[in-house]
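Fold and contact review
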Amino acid sequence: MKLIIAAVKPFKLEEVREALTAIGVRGMMVTEIKGFGAQSGHTEIYRGAEYAVNFVPKVKLEIVVPDALADEVVDTILKAAKTDKIGDGKIFVLDVAQAVRVRTGEAGDDAL
Amino acid sequence: MKLIIAAVKPFKLEEVREALTAIGVRGMMVTEIKGFGAQSGHTEIYRGAEYAVNFVPKVKLEIVVPDALADEVVDTILKAAKTDKIGDGKIFVLDVAQAVRVRTGEAGDDAL
Amino acid sequence: MKLIIAAVKPFKLEEVREALTAIGVRGMMVTEIKGFGAQSGHTEIYRGAEYAVNFVPKVKLEIVVPDALADEVVDTILKAAKTDKIGDGKIFVLDVAQAVRVRTGEAGDDAL
Amino acid sequence: MKKLSMITGLASAFALAALPALAQDAEVVEAVVDTIDSGDTAWMLMSTALVAFMIFPGIALFYSGLVRAKSALSLIVQTALIACTVMVIWVVYGYSFAFGPSEGMFFGGFGKVFLSGVTADSLSGTIPEYLFIAFQMTFAALTPALIIGGFVERVKLSGAVLFCALWVTFVYFPIAHMAWGGGLFGTWGVMDFAGGTVVHINAGIAALVGAYVIGPRIGLGKDLMAPHSLPLTFIGTSILFVGWFGFNAGSAAAADGSASLAMLNTFTATAGATLAWCLVETLTRGKASALGACSGVIAGLVAVTPAAGFVGPVGAIFLGAIGSIISFFFVAVVKNKFGYDDSLDVFGIHGVAGFVGAILTGVFAAPSLGGVGFEEGVTMGAQVWVQIKSVAVTIVWGVVVSFILYKITDVIVGLRVSADDERQGLDQTSHGESAYHL
Amino acid sequence: MKKLSMITGLASAFALAALPALAQDAEVVEAVVDTIDSGDTAWMLMSTALVAFMIFPGIALFYSGLVRAKSALSLIVQTALIACTVMVIWVVYGYSFAFGPSEGMFFGGFGKVFLSGVTADSLSGTIPEYLFIAFQMTFAALTPALIIGGFVERVKLSGAVLFCALWVTFVYFPIAHMAWGGGLFGTWGVMDFAGGTVVHINAGIAALVGAYVIGPRIGLGKDLMAPHSLPLTFIGTSILFVGWFGFNAGSAAAADGSASLAMLNTFTATAGATLAWCLVETLTRGKASALGACSGVIAGLVAVTPAAGFVGPVGAIFLGAIGSIISFFFVAVVKNKFGYDDSLDVFGIHGVAGFVGAILTGVFAAPSLGGVGFEEGVTMGAQVWVQIKSVAVTIVWGVVVSFILYKITDVIVGLRVSADDERQGLDQTSHGESAYHL
Amino acid sequence: MKKLSMITGLASAFALAALPALAQDAEVVEAVVDTIDSGDTAWMLMSTALVAFMIFPGIALFYSGLVRAKSALSLIVQTALIACTVMVIWVVYGYSFAFGPSEGMFFGGFGKVFLSGVTADSLSGTIPEYLFIAFQMTFAALTPALIIGGFVERVKLSGAVLFCALWVTFVYFPIAHMAWGGGLFGTWGVMDFAGGTVVHINAGIAALVGAYVIGPRIGLGKDLMAPHSLPLTFIGTSILFVGWFGFNAGSAAAADGSASLAMLNTFTATAGATLAWCLVETLTRGKASALGACSGVIAGLVAVTPAAGFVGPVGAIFLGAIGSIISFFFVAVVKNKFGYDDSLDVFGIHGVAGFVGAILTGVFAAPSLGGVGFEEGVTMGAQVWVQIKSVAVTIVWGVVVSFILYKITDVIVGLRVSADDERQGLDQTSHGESAYHL
Ligand SMILES: Nc1ncnc2c1ncn2[C@@H]1O[C@H](COP(=O)(O)OP(=O)(O)O)[C@@H](O)[C@H]1O
Ligand SMILES: Nc1ncnc2c1ncn2[C@@H]1O[C@H](COP(=O)(O)OP(=O)(O)O)[C@@H](O)[C@H]1O
Ligand SMILES: Nc1ncnc2c1ncn2[C@@H]1O[C@H](COP(=O)(O)OP(=O)(O)O)[C@@H](O)[C@H]1O
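Residues numbered from 1 in each chain as written. Chains lettered and ligands numbered in written order. Predicted model: local features only at pLDDT ≥ 70, side-chain atom pairs only at ≥ 80, totals over all residues. Heavy atoms only, no water.

In the annotation of an unreviewed UniProt entry, chain D is listed under the name Ammonium transporter and assigned to Paenirhodobacter populi. Per its UniProt entry, chain D bears the Sequence similarities (unreviewed entry) comment "Belongs to the ammonia transporter channel (TC 1.A.11.2) family." (UniProt positions renumbered as here; feature names shortened; annotations may be inferred.)

Where an unreviewed UniProt entry is consulted, chain A appears under the name Nitrogen regulatory protein P-II, with the organism given as Paenirhodobacter populi. Within the UniProt record for chain A, the comment given under Sequence similarities (unreviewed entry) is "Belongs to the P(II) protein family." You can read under Subunit (unreviewed entry) in the UniProt record for chain A the words "Homotrimer."

Right, dumping it as structure tokens:
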């Protein structure tokens, strides 16, 4: 199994989720994060005080899928999250040793 | 070492934490996440506008433990997080190459 | 490639980010988390009701870097995040199988 | 109307002799003061708006901030619908039951249902009767909204609204009639300037009974149930504080010396109570808290309510402080010994500080303690005894009737939501919304 | 000034005969009431502060809570700058255009630009003219701030401010003159106690035209656009509610029976409307919501605005409920059939409930329905016809002139921000701030 | 009491000749106006409630929203306990020190400690003395609460409360006596309608000295210290705005033309100041901000405070705008050149706009600029010189005495928390709470 981690633009979340559901992904974990990368942040001024906010809001998706599905998931996210503008995000793939479903105790691909 | 990632129901957090402490887990990272899975979300209506909220609030636990402890940790979470209702969550296990404690610089199992 | 996960004290975030930028890290994902570890939480009392808050606010950094850079990143975080007081945090290193940049589709070290 | 007549009469007699509020022949008084006073009317218009402010959003925010985020809106909806229901009831029969023309001890009769006979020219003392109706309506609408603090995060909306509709009918209107409408307490010569008994003790009792009947929240004593937003609670507290000037000083029914004294006392009692609560906190656990300050403010306001126009400004400081300290010990110590979940301490603060205020009004009104004094021939002991008697009647009436009404409500629409709904939070399950999308 | 004179005259004549507001010879009235009344002045000082409270922070919070967090501050800045701009305009020429001495049907003339000739001794009825100027200024400043709810999260700040400056000049002042300054509607004998036509219908129309001209938000119907903080919206709603007592009861321009009736009606209409909205919600989708309660409150307040001093307290319940139900169906059903994005339902609530209120004022004012009655010799049918005529004039004037002014504004400074800026949120891109750093 | 007598006298003399406030023989005035006026009383009851609203929750929210979330509650607790402490002090000896019967230049004496001799019948002009006491109490309680903005997120609660108790005793009461109690400034004929010098300059100076003595926050200029909730700050600002009508128009001590003018000027000065701040922001950095709008509102209100009843509505626009622009440059440019951390710009706004307002009152009061004019025989130059002299005395007194009192406080209970506590946030470490559990 693979864990696919993707950082994407917040307003793309729904589109990505729908695209993934369409190819059979049945679960994911979504976190609001602050991204740092090539896309620069912004400046806020409060009366005299100027603050550089170096982080950009992003959402992180974590999806565990059977090995066979991993490439398709990456491709699907690639397509759905793309705006061709800087800051579109990154996808990382990691190996997963084991997966278990809490409710049933099922393990492995069955748990996903 | 293993990284154990678990998505569980928010109101189960304290119970899981206590159960893990009882078997000797000494640290973890907890994140509030939005879960997507078999458990369906809900609908909110604001005046005429209807929104399907597809995500369900969950908490994600990330725990790094020595290899020897990993199975017990998974079992403990399984037991403590279970309500036998849909949406009880998932547990994933990944390999960890290295761990370091910032304060002391200790590495490996000693760092946990 | 390696995924480096670090839990550090929130007020150290900027310092760590700057130190990492200085050694050539060009991206990361930052999440506000609740940490559990040796550093104890605190107690809050609301009228008669006393609550033990067992978690301590931390920030989690996730950084994917080429294998060659991994050790330097760990060292840099070690140095920048250190206050020599309990709760300074942990660093974990995991293997990453693949990385892709959404905007361009570049893969591997090029994507970072 | 009598309440106004009384206090108005009192006010004009103020220079000569200080008298406790007591039932007089309304016609006689009206014969004397039968023209409108634009200054009094201006102040009562404002006082009415101020008490309305205590409901929307005062009490709703105070309560909403104290619960978990997943139920923050439920307190808002419940407050709004209860208050609106009572307003409709008020013009239909509430005003008549409480202030109607009947001579009964417990009931004003049907003579003024649908406000029959009232026109824009009708006067109540020196102000239009429509204004008196509006002012009293805000009291009637606020009181049941206080009760819901006893069983937050688990009550059914329909249950809460139905119970409150029954409760104003069978508890609030009768007791308001006894105290202000020329009924029982009035004939006894009770001193209750702005409604300590009718409003606060009454609400505290009903909340306690409700907490007992409905049972504690799931996870009580185990889950983190800390207030989700103390700034919200502080805004609510402050609005209650400011609105209370209408409540207390408005109860003089005139813009005069009595109203001014009531306002000054409302300040000083609150100051004494807030300092006292925070001091006790500091002594017992080393820290003064924001919720402590807010609790002290409310305790002081409750304690001074019956006393506002009767005690002196320095006496009010002590009165507020005593009410506050006793409430603190009740909430922080006594309550924990029992198993009930009066979640937002309606009984612990409104009830307890209400008792203390009612009794101490009979004490601090003494001229030797800076008060305006008792009625001719009444001793402090006698007055305290009257105060105790009316509190006792209120408690017995409140416990018995509220209990019955909760049971009736439970049978008709049910009082408590399902455990799953409670766990998910009332905002989602009862209202289909989330308080925040940040 | 005439508005005041009229209603003051009305108030004193109340006992004899109930008359709708109509234009009288101002000098004659002034000859009668030429001394200051401190009670009336006290109430109008307070009413003015209450209407100011509706702007800062009432409407700003109401709107701010309803948008996404990334645009929460933009509503605050827009409200503040629009209101401040109109205040400056008001003393420069607005007061003169609306209430100036000219005898025109649509225009008060230049006679009082820069408030020329007004001193601290000038009276308007029984209150200082400075106070009348301030009271009316708050109405003029509030109305355009209502409009921006029609095109939130996408309008340029400069566009919003410029449009509003033009709009008060070419729409608000003329229509205020027609209704209150001795102009057209006044000569017809329209009954508009506190400005249902001038304020609410007017704002609703302008918002609708604006929503149409500016176009919908990016992602409408696809993205989650749920209110970011309903507690904020509830605070705003409550402040609007309390401020509205100044708006409605202050429109009596005196502390008297008429003001008292207006206040009582404001309560009961709101109660009826809130219960009605929540009831319809419960019947149609099973749940009463907090936003529903807030919407009902506003719908009731809008509906009762023209009727406040003319109908009876029980009639007001029905009037509020009817306005609320029609607004509900408009907002929840009708609106969805069209493609426009009147984001915060300014037309759906202020416009629609405004129509209903204006028409029904002519109905519920009938003595048989508990109202104060029509002017000597006027039938219900005739009055309703007058009401319809003035609404119609307002609509036509509003649609045409607003449309032209939006186009002019678009040419001069532009109306809409770029898509990227809109997506990132106005707070960052127009104001360089974030509402929250939690 | 003299303040009231003066301004009341002034108000009645308004038609004949416009006079600046000056000390008169109190007995003479009282002989003339010795009956209660219910309209004036109604307005002063309301004004008192409005100023209370500025404290609870006005200033507390304004400040709380501007700090980081981890210290949001500390501002609330500090404000509450300081205000309550001063209220107790006020009835014990504060009123006597400031407004007591002594003829001294700096001190009212002990004649009215514990409000001795005051009854519900005592009058102060046309209102009950109890009411005058309450009104003045809110000023005394508000002023020290302003000061704490200078050293937020690092001060010890006990240190803040003790300092403020000392400060009102040795700075506020003497200066209030000088300005309003028949003391020094009064004999000079200073024009300070509502307390620009006593309240704002005074508080600004004390905050600046405090910021200097206590030192900057850890991480200043490095860590993100952006306001944690600008909506909270906006609510606070708006409540200050509305409350300020009580502050300014209430300072007329009557419901009359002078109060009306003061109210209108409060509007127009705020409008001018807010527009000016946002305009300068737009010109200098391209964006108008919500915090800028809030800052402009406060700067305008401060600037118009001394001038409220003396200048014309158009003059007030300019006065507000000038005060606002100078504050902007102070806060955005000048302050950064110095190392001190007057965290919430108490000096930068209250101090600086206070100076500007005090001086310009002497200018814009000129009849040629639309003002009500100077006292018989006084030239603009002479008046400006008097204004400067009283500001100068206030500054010198404030700097010297405040500095000593900070040092004394530091010795007795300490002024600053430990670095660890500061880093973790005062809410946890001083109060044992969290503002939010979302
Ligand atoms: N090396 C990295 N490790 C982890 N996350 C990264 C890394 N590089 C980028 N990211 C994430 O991807 C987001 C987008 O990256 P960025 O460099 O801004 O733009 P782009 O993807 O267009 O090159 C960042 O905000 C960050 O959250
Ligand atoms: N494939 C997956 N990858 C990552 N997280 C998952 C995956 N499947 C489920 N989850 C997480 O587990 C939670 C529970 O899963 P769900 O399918 O709703 O119920 P159940 O665990 O009872 O089958 C989800 O909300 C989501 O956070
Ligand atoms: N075994 C672990 N797995 C995951 N995270 C951990 C683990 N141990 C500690 N952490 C994280 O590191 C933080 C600091 O650890 P803690 O034990 O408090 O102090 P120290 O690092 O000084 O030993 C914790 O708050 C937690 O977020």
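**Details of the interface of chain D and chain F**
Contacts between the two partners involve 52 residues from chain D, matched on the other side by 50 residues from chain F. Here chain D and chain F share an interface that buries about 4,000 Å² over both sides, 82% of which is from carbon and sulfur atoms. Among the residues of chain D in contact with chain F, Pro231, Phe234 and Phe267 of chain D are the three that bury the most area, contributing 15% of the side total. One can count zero salt bridges joining chain D with chain F. Joining chain D to chain F, the criterion identifies seven residue pairs in polar contact (both at pLDDT 80 or more). Of all elements in the fold, only α3 (38-66), α9 (230-249), α10 (257-285), α11 (290-304) and α12 (313-337) of chain D reach the threshold of two or more residues within the side of chain D that touches chain F. Take the side of chain D that touches chain F: its biggest share by element is 14 residues, from α10 of chain D. (Contact = heavy atoms within 4.5 Å. Buried area = accessible area lost by both parts, 1.4 Å probe. Salt bridge = Lys/Arg side-chain N within 4 Å of Asp/Glu carboxyl O. Polar contact = N/O pair within 3.5 Å; in protein donor to acceptor, adjacent residues only side chain to side chain. Helix = DSSP H or I, 4+ residues; strand = E, 2+ residues; numbered from the N terminus.)

**Brief notes about the UniProt feature "modified residue: O-UMP-tyrosine" (unreviewed entry) in chain A**
Sequence positions flagged by UniProt for "modified residue: O-UMP-tyrosine" (unreviewed entry) are, in local numbering, Tyr51 of chain A. For Tyr51 of chain A, the location among the structural elements is in strand β4 (residues 49-53).

**Quick notes on the packing of helix α8 (residues 196-214) of chain F against helix α14 (residues 380-412) of chain F**
Residues and elements named next belong to chain F. Between α8 and α14, whose axes approach to 9 Å, the crossing angle comes to 40 degrees. Considered as vectors, α8 and α14 are oriented oblique to each other. In the crossing of α8 with α14, the sense of the turn from one axis to the other is right-handed. The residues of α14 that touch α8, namely those facing Thr197, Ile201, Asn202, Ile205, Ala206, Ala207, Val209, Gly210, Tyr212 and Val213, are Ser390, Val391, Thr394, Ile395, Gly398, Val399, Ser402, Phe403, Tyr406 and Lys407. By residue class, the composition of the contact of α8 with α14 is 12 nonpolar, seven polar and one charged. (Axes fitted to C-alpha atoms, helices over the stretch in contact; angles between N-to-C directions. Parallel < 35°, antiparallel > 145°, perpendicular 65-115°, else oblique. Left-handed = near helix turned anticlockwise from the far one by under 90°. Nonpolar A, V, L, I, M, F, W, Y, C, P; charged D, E, K, R; others polar.)

**Looking at the relation of the copies chain D and chain F**
The two copies are related by a screw operation: chain D maps onto chain F through 120 degrees of rotation and 0.0 Å of translation along the axis, at an RMSD of 0.0 Å. On the angle and the small slide along the axis, the relation comes out as a three-fold axis. Residue Gly39 of chain D of chain D places its C-alpha closer to the rotation axis than any other residue of that unit, at 2.2 Å. (Least-squares fit on C-alpha atoms with pLDDT ≥ 70 in both.)

**Considering the site of ligand 2**
As a matter of local geometry, ligand 2 sits amid 21 residues, with Val64, Arg101 and Arg103 of chain A together with Ala38 and Gly87 of chain B nearest to it. More than one chain reaches ligand 2: the nearby residues come from chains A and B. In this structure, Met28 of chain A approaches ligand 2 through a main-chain N or O atom, which is 3.2 Å from an oxygen atom. Between an oxygen atom of ligand 2 and a main-chain N or O atom of Asp88 of chain B, the distance comes to 3.5 Å. Protein burial of ligand 2: of its 550 Å² of free accessible surface, 98% is covered by the chains. Contributing elements (two or more residues each) for the shell around ligand 2: β2 (28-36) and β5 (56-65) of chain A together with β2 (28-36) and β6 (90-95) of chain B. (Near = heavy atom within 4 Å. Areas by Shrake-Rupley, 256 points an atom, 1.4 Å probe, with all protein chains shown as cover.)

**Considerations on the environment of Leu61 of chain B**
Residues and elements named next belong to chain B. Mapped onto the elements of the fold, Leu61 is located in strand β5 (residues 56-65). Separated by 16 residues in the primary sequence, Leu61 and Ile77 have C-alpha atoms spaced 10.0 Å apart. With near-sequence residues (within four places) excluded, Leu61 lies in contact with Ile4, Ile5, Ala6, Val8, Leu13, Val16, Leu20, Met28, Met29 and Val30.

**Overview of the pattern of salt bridges**
Tallied over the full model, the rule gives 57 salt bridges over all chains. Two residues, Lys60 of chain B and Glu62 of chain B, come together in a salt bridge whose shortest N-O distance is 3.8 Å. Of the two residues, Lys60 of chain B and Glu62 of chain B, neither departs from the other in class, the shared state being buried. One salt bridge connects Arg217 of chain F with Glu153 of chain F, and the closest N-O pair in it is separated by 3.5 Å. One end of the pair, Arg217 of chain F, is in the loop between α8 and α9 (230-249); the other, Glu153 of chain F, is in the loop between α5 (129-147) and α6 (157-180), with 64 residues separating them in the sequence. (Buried < 20%, exposed > 50% of the residue type's maximum accessible area, 1.4 Å probe, protein only.)

**Quick notes on the site of ligand 1**
Taken together, the neighbourhood of ligand 1 is formed by 21 residues, with Ala38, Gln39 and Gly87 of chain A together with Arg101 and Arg103 of chain C sitting nearest. Taken together, the residues near ligand 1 originate from chains A and C. Between ligand 1 and the protein, one listed contact pairs an oxygen atom with a backbone N or O atom of Gly87 of chain A at 2.7 Å. Between ligand 1 and Asp88 of chain A there is a distance of 3.4 Å, counted from an oxygen atom to a backbone nitrogen or oxygen. If you tally residues by element for the shell around ligand 1, the top one is strand β5 (residues 56-65) of chain C, at three residues. Grouping the amino acids of the shell around ligand 1 by side-chain chemistry returns nine nonpolar, six polar and six charged.

**Some thoughts on a nonpolar patch on the surface**
Residues and elements named next belong to chain D. On the surface, Tyr212, Val396, Val399, Val400, Phe403, Ile404, Ile408, Val411 and Ile412 cluster together to form a nonpolar patch covering roughly 870 Å² of accessible area. It is helix α14 (residues 380-412) that provides the largest number of residues to the nonpolar patch, a total of eight residues. Overall, Val400 belongs to the partly exposed group, its relative accessible area being 45%. (Patch = residues over 30% accessible without salt bridge, like charges linked within 9 Å, V, L, I, M, F, W, Y side chains within 5 Å.)

**Structural notes on the packing of aromatic side chains**
According to the stated counting rule, one finds 108 aromatic pairs over all chains in the structure shown. Plain terms: the ring middles of Phe193 of chain F and Phe310 of chain F are 5.3 Å apart, the flat faces sit at 90 degrees to each other, and that makes the pair edge-to-face. Pair noted here: Phe193 of chain F is in the loop between α7 (184-188) and α8 and Phe310 of chain F is in the loop between α11 (290-304) and α12 (313-337), with a separation of 117 residues, a long-range link. In this structure, Phe193 of chain F and Phe310 of chain F share a single accessibility class: buried. Among the aromatic side chains, those forming a connected cluster through ring pairs are Trp90, Tyr93, Tyr95, Phe97, Phe99, Phe107, Phe110, Phe132, Trp167, Tyr172 and Phe173 of chain D. Directly above the ring of Phe55 of chain C sits Lys34 of chain C, whose terminal nitrogen or CZ lies 5.5 Å from the centroid. The positively charged end of Lys389 of chain E is found above the aromatic ring belonging to Trp188 of chain E, 4.2 Å away from the centroid. (Phe/Tyr/Trp six-rings, centres within 6.5 Å; stacked < 30°, edge-to-face > 60°. Lys NZ or Arg CZ within 6 Å of the ring centre and 35° of its normal.)

**Topic: the nonpolar core**
Ranked by internal contacts, the top residues of the largest apolar core, which has 502 residues, are Trp43 and Tyr172 of chain D, Trp43 and Tyr172 of chain E together with Trp43 and Tyr172 of chain F. In this view, Tyr172 of chain D contacts Phe139, Ala140, Thr143, Trp167, Trp180, Val198, Val199 and Asn202 of chain D; residues no more than four positions away in its chain are not counted. Counting 39 residues, the second largest nonpolar core, distinct from the first, contains Leu94 of chain A, Val64 of chain B together with Met1 and Val96 of chain C. (Core = buried A, V, L, I, M, F, W, Y, C linked by side-chain atoms within 4.5 Å.)

**Describing the interface of chain F and chain A**
Across the contact, 17 residues belong to chain F and five residues belong to chain A. Summed over both partners, the interface of chain F with chain A comes to about 950 Å²; 61% of that surface belongs to carbon and sulfur atoms. Put simply, Arg47 of chain A and Asp345 of chain F hold a salt bridge, and the shortest N to O gap is 3.2 Å. Counting only elements with at least two residues in the side of chain F that touches chain A, the list comes to α3 (38-66), α11 and α12 of chain F. With three residues, the single largest contributor to the side of chain F that touches chain A is α12 of chain F.

**Re the environment of Val92 of chain E**
Residue and element names in this part refer to chain E. Within the secondary structure layout, Val92 lies in helix α4 (residues 72-99). Val92 sits in the partly exposed class, given a relative accessible area of 22%. Considered as a pair, Val92 and Gly414 are 322 residues apart in the sequence and their alpha carbons are 26 Å apart. When sequence neighbours within four positions are dropped, the list of residues in contact with Val92 reads Val113 and Phe114.

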